[in-house]
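Structure at a glance
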Amino acid sequence: MIGLHNLGAPEKAHRARKRVGRGAGSGKGKTSGRGEKGQNSRSGGGVPAWFEGGQMPLQRRIPKRGFKNRNRIEYQVVNVGDLGRVTGEATPDSLKEAGLIRSLRRPVKLLGSGEAPAGLRCQVHWASATARRKIDEGGGSVEIVGRRA
């Protein structure tokens, strides 16, 4: 019976490694197919793949634009209008269960679009001023938990 323990490549599936420098009769003796002299004939010779012969390299020729902040915190946004799908208290766990966020590893930010359900308690990592106002007006509360930065 075939299993992972006895699988192998079919016969003659792999060609043997070319053994260079093994005499004139091999067809790859003496200079081993490297030509005569020059940088590429030496051991350790050659240039990097991106080298352009001394011409100003592409990565230095093209203009640089923009900036990517390595310390940026990427929030998962949830609008207060969507909180009606959450049963009970709105925590990151209940938001994930309701399908409003994808991951528990990234922080959650509450935004103020839509109408807030009445009397809802929220535990999120950040909330906009509009979201806080709408939830407070509906008789609920917003608690900021575990905020970084």
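Rules used in this analysis
Residues numbered from 1 in each chain as written. Predicted model: local features only at pLDDT ≥ 70, side-chain atom pairs only at ≥ 80, totals over all residues. Heavy atoms only, no water. Helix = DSSP H or I, 4+ residues; strand = E, 2+ residues; numbered from the N terminus. Rg over C-alpha atoms; globule rule 2.2 N^0.38 Å. Buried < 20%, exposed > 50% of the residue type's maximum accessible area, 1.4 Å probe, protein only. Pairing = 2+ DSSP bridges. Right-handed = clockwise from strand over helix to strand, strands pointing away. Core = buried A, V, L, I, M, F, W, Y, C linked by side-chain atoms within 4.5 Å. Contact = heavy atoms within 4.5 Å. Polar contact = N/O pair within 3.5 Å; in protein donor to acceptor, adjacent residues only side chain to side chain. Salt bridge = Lys/Arg side-chain N within 4 Å of Asp/Glu carboxyl O.

Bringing the overall build of the chain into the picture now. Helix and strand counts for the chain stand at 3 helices and 5 strands. Tracing the chain from N to C terminus, the helices and strands come up as α-β-α-β-β-β-α-β. Computed over the C-alpha atoms, the radius of gyration of the chain is 32 Å, more than 25% above the 15 Å expected from 2.2 N^0.38 for a compact globule of 149 residues. If one aligns the C-alpha atoms of the chain with their principal axes, the spans along those axes are about 90 × 60 × 25 Å.

Attention now moves to the pairing of strand E1 (residues 76-79). Successive side chains on a regular strand alternate, one facing one side of the sheet and the next facing the other. Burial of E1 is one-sided: the residues Gln76 and Val78 facing one way are buried, the residues Val77 and Asn79 facing the other way are not. In terms of strand pairing, E1 meets strand E2 (residues 108-111) through 4 bridges, oriented parallel. Within E2, the residue paired with Asn79 across the bridge is Leu111. The handedness of the E1 to E2 crossover, carried by helix H2 (residues 92-97), is right-handed.

Another aspect to go through is the nonpolar core. By size, the foremost hydrophobic cluster in this structure holds 16 residues, and its most contacted members are Val78, Leu83, Ala90, Leu95, Leu110 and Cys122. At the level of elements, E2, strand E3 (121-124) and helix H3 (129-137) are the ones that each hand at least two residues to this core. If we skip the residues at most four places from it in the chain, Ala90 touches Leu83, Leu95, Leu120, Arg121, Cys122 and Gln123.

Ordered in space as E1-E2-E4, the 3 strands form an open sheet in which the pairing is parallel. Strand pairing shows two members of the sheet lacking a second neighbour, E1 and strand E4 (126-127), which therefore form its edges.

This part takes up the side chain of Ser41. Here Ser41 lies in the segment before helix H1 (58-61). Its relative accessible area of 16% is what places Ser41 among the buried residues. One polar contact links the side chain of Ser41 to the main-chain carbonyl oxygen of Gly38, over a distance of 2.8 Å. With residues up to four places along the chain from it excluded, the contact list for Ser41 reads Arg34 and Glu36.

Structurally, the position occupied by Val142 is in strand E5 (residues 141-144). Excluding residues that lie within four positions of it along the chain, Val142 makes contacts with Cys122, Val124, Ala127, Arg132 and Ile135.

Moving on: the pattern of salt bridges. Per the counting criterion, the structure on display carries 3 salt bridges. Close ionic contact of Glu52 with Arg61 constitutes a salt bridge, the shortest N to O distance being 2.9 Å. Exposure remark for Glu52: the relative accessible area of 29% places this residue in the partly exposed category. You can call Arg61 partly exposed: its relative accessible area is 41%. Ionic pairing is found between Arg121 and Glu89, a salt bridge with its closest N-O pair at 3.2 Å. A residue pair is termed long-range when its members are at least 10 positions apart, and Arg121 in strand E3 and Glu89 in the loop between E1 and H2 qualify at 32 residues. Relative accessible area serves as the criterion here: at 42%, Arg121 is assigned to the partly exposed category.

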